[in-house]
Amino acid sequence: MWLKLFFLLLYFMVLFMLARFFEAVVWYETGVFATQLVDPVSLSYKKLKTILECRGLGYSGLAEKKDVSELVEKSGELTQGELYSAIKREKEQTEGGDGSTTSFSGEVHFYELVEDTKDGIWLVQVIAQNREALLSQSNWGKMVQKVSQFGIRTGTFNCSNDYRSCVKRGWQRSTLIMSVPQTSASKGKVMLKEYDGHRIETEHIFRWMTSHVAQRIKTMRRSDQLAEEWRPDPTHPVKMFLFARLSQPPTFFSALSVKFTGRIEFIFVDVRHWDNHSSLSEIGVTQSPAYILKMPEGIYRYGNSTGEFLSLAAMDTFLRSVQPEVNDLFVLSLVLVNLLAWMDLFITQGATVKRFVVLIRTLGTYNSLLLVSWLPILALLQLPYLDSLYVYSLKLLRYADTTSLASLVRADWTFYSSHPALFLSTYLAHGLLVDYFEKKRRCAARSQEDSTTNLEWLASLWDWYTSYLLHPIASLQHVPTDQSDWEDDPNFLFERLAFPDLWLRPLVNVDYIKALPTWRFRAVDHQRGEESGEETDRDTDRSESATESGKQSDSPLLDPSRSTQSSRNHNSSPSNQPGTSCLCVSDAASTSLCCRHGNGRSSSPARMQKDDGQKPEPVCQHQQCDWSMWPRGMLHCSECVVCLENFVSEELLMGLPCGHAFHQQCIVVWLAAGRHCCPVCRWPSYKKKHQNQTQTSPIGNTLQD
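Overview of the structure. (Residues numbered from 1 in each chain as written. Predicted model: local features only at pLDDT ≥ 70, side-chain atom pairs only at ≥ 80, totals over all residues. Heavy atoms only, no water.)

### Some details on the pairing of strand β10 (residues 298-302)
It is a general feature of regular strands that their side chains alternate between the two faces of the sheet. We count it as follows: In this description, strands pair whenever DSSP reports at least two bridges between them. Working definition: helices are DSSP H or I runs of at least four residues, strands are E runs of at least two. Numbering for both runs from the N terminus.
Note that strand β9 (residues 290-295) and β10 share 5 bridges and pair antiparallel. The residue bridging Tyr-291 from the neighbouring strand is Tyr-302, located in β10.

Here's what the structure looks like:
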């Protein structure tokens, strides 16, 4: 989790530096920055019209370039970034053709989208029954392109689909209907207005729409009205003012007032015939036009920082960061969580199928956790006791979003959102680099699972799934690996299905493994004199002769009386005393026999290798086992029957309640796989054994089991 978060933050830093690199390249080639101002007089008539269309100002009747450039200056300062964005948007609209429009199927569909939504502006062309549309197909396409850039949605209602609804609403002829929320409250009343003009040109219809939308904004033309609105208002703490010498505000400014209904109040101040200019200087307005955001923390002049263009998209991003709603925060968290989850595709090593399976699992987990975590947050926001916390959080957010760094982040957000191919390609390149470095980092300790093929990993996944169905308790203890738990025999699956204990297996809590006794295996070197050495040799010869005679006779496993007698002799022999050596030998029936010498099998190099690089010799050749370190009740042996390797000095051992000892790592893996029994005697590893049973000799214990 933290590794993915680190890589995601690193990716954001790469995007930030890449945007600065692009700015440097543009400055090197053209010698201008995006925030550099542009003189409208130096632009062509076509570019000036493009700027006015993006701002939403009508230019019909202005035939000369001088008049058009003055209108651009009155609506706001023009920057290189805004000019580039306007030209790019016009090119996209030309190549994309007509914008998308909705075809209403009837009264219910129209009511749900237009009248019940109450958070947007709609332009609907009503086609009367057996009549032609008011606008032709080409003019309607131009109208859709013109209004869609301001967030105005369009649709077509054909009365042939629902003639009764048209009669009810009085739509007897083909016309245009516009819906605009009338109040400044959220989810306010929606009014339907019908176009009553005689001219059906696109420019006249657009002017009719903008005039109705501008009526939602408070318009002030006197200083006393401005002084009244400039006072702090607890109901509307954040207000957006436009001071300009225009008859009505630009369309993008009016459209934003609909999108931020209930959050930000929009006010237009017409200073063409202002009576008291000193009042403007007192509140900090020194020039016109000016876009001023008034907050409880102070005023902020929009347009002086990077990326703050006079367009709907740029100002919408700025206002959403300053005064966000819960849905904005949810969408942002959703994007970040999914970007974080997609990092698993590159961090996970192994087969390609494995990567996508892990990715799907991560996407489902992260999105589910996100949805579940948002439910209590929404419930807490409804509590009246947390209003102060909400207010202070917005205050802190406004302080952070009015800095220069925040303006750079907003500019980068706008840039990459308008160039999705660049965003996706950089994310893919970053992911491939993460994959490369992860392979290098895991190269030294690369497991077998990382080198499996797609078919092998799918086979292991199928094995784990079938094991989950057949062993619901054991399969939850581990994830699927490349080593299957099934035997090579194909009939094994059917045998397990027919075994009654398959479904009656008890629920075992693996916490008992932590309580099992563990200790270090100790070995003492031979440091005796010649006499001690001779005595040891004689003892060794006697032990070897006894062993050979035992092999020549019948097997003790086939003669219970003989095995019992041997067990008694073994208990009375000095092999159970501290300082002697004993080896546990396993036969085909998983039983154990004890002797004083090792079986001559040395441990594997991985287990025998020490930190100083020396390889210790096998136990019982030049060393003796120190049984005083063993817990009481443990059967003495010097070999692990799980891995079939001798114990090495300083190795960590673990014992089971039955008295058998093993390597700690070996027996933990055995028990964690769901086999909650001793590998030797099959005694349950979670069940205590009576003391008299554990004190018996290994041979007697084996025979009893």
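### What to know about the pattern of salt bridges
This is how the line gets drawn: Salt-bridge detection follows one rule: a side-chain nitrogen of Lys or Arg within 4 Å of a carboxyl oxygen of Asp or Glu. Each residue gets one of three labels from its accessible area relative to the maximum for its type: buried under 20%, exposed over 50%, partly exposed in between, using a 1.4 Å probe on protein chains only.
Within this structure, the stated rule accounts for 24 salt bridges. Notably, a salt bridge pairs Arg-20 with Asp-412, separated by 2.9 Å at the nearest N-O pair. Here Arg-20 is found in helix α1 (residues 2-30), whereas its partner Asp-412 is found in helix α17 (residues 404-418), with 392 residues between them in sequence. The class for Arg-20 is buried, based on a relative accessible area of 18%. Classification of Asp-412 as buried rests on a relative accessible area of 8%. The partner of Glu-82 in a salt bridge is Arg-55, with the nearest N and O atoms 2.9 Å apart. Of this pair, Glu-82 sits in helix α4 (residues 80-96) while Arg-55 is found in helix α2 (residues 45-55), placing the two residues 27 residues apart along the sequence. Each member of the pair Glu-82 and Arg-55 is classed as buried. A network of salt bridges, in which partner residues are shared, links Lys-259, Arg-263, Asp-316, Arg-320 and Asp-328.

### Considering the sheet that holds strand β8 (residues 265-270)
So the rule is basically this: An axis is simply a line fitted to the C-alpha atoms; with a helix, the fit covers only the stretch in contact. Between two such axes, the angle follows the N-to-C directions and lies from 0 to 180 degrees. Should any heavy atoms of two residues lie within 4.5 Å, those residues are considered in contact.
Taken together, 5 strands build an open sheet; the order of strands is β6-β8-β7-β9-β10 and the sheet is mixed. Either end of the sheet is taken by a strand with one partner, and the two such strands are β6 (218-220) and β10. Each strand axis lies, on average, 25° off the axis of its neighbour in the sheet, ignoring direction. Along the sheet face, helix α9 (residues 223-230) touches β6, β7 (239-244), β8, β9 and β10 and points at about 160° away from the line of β7.

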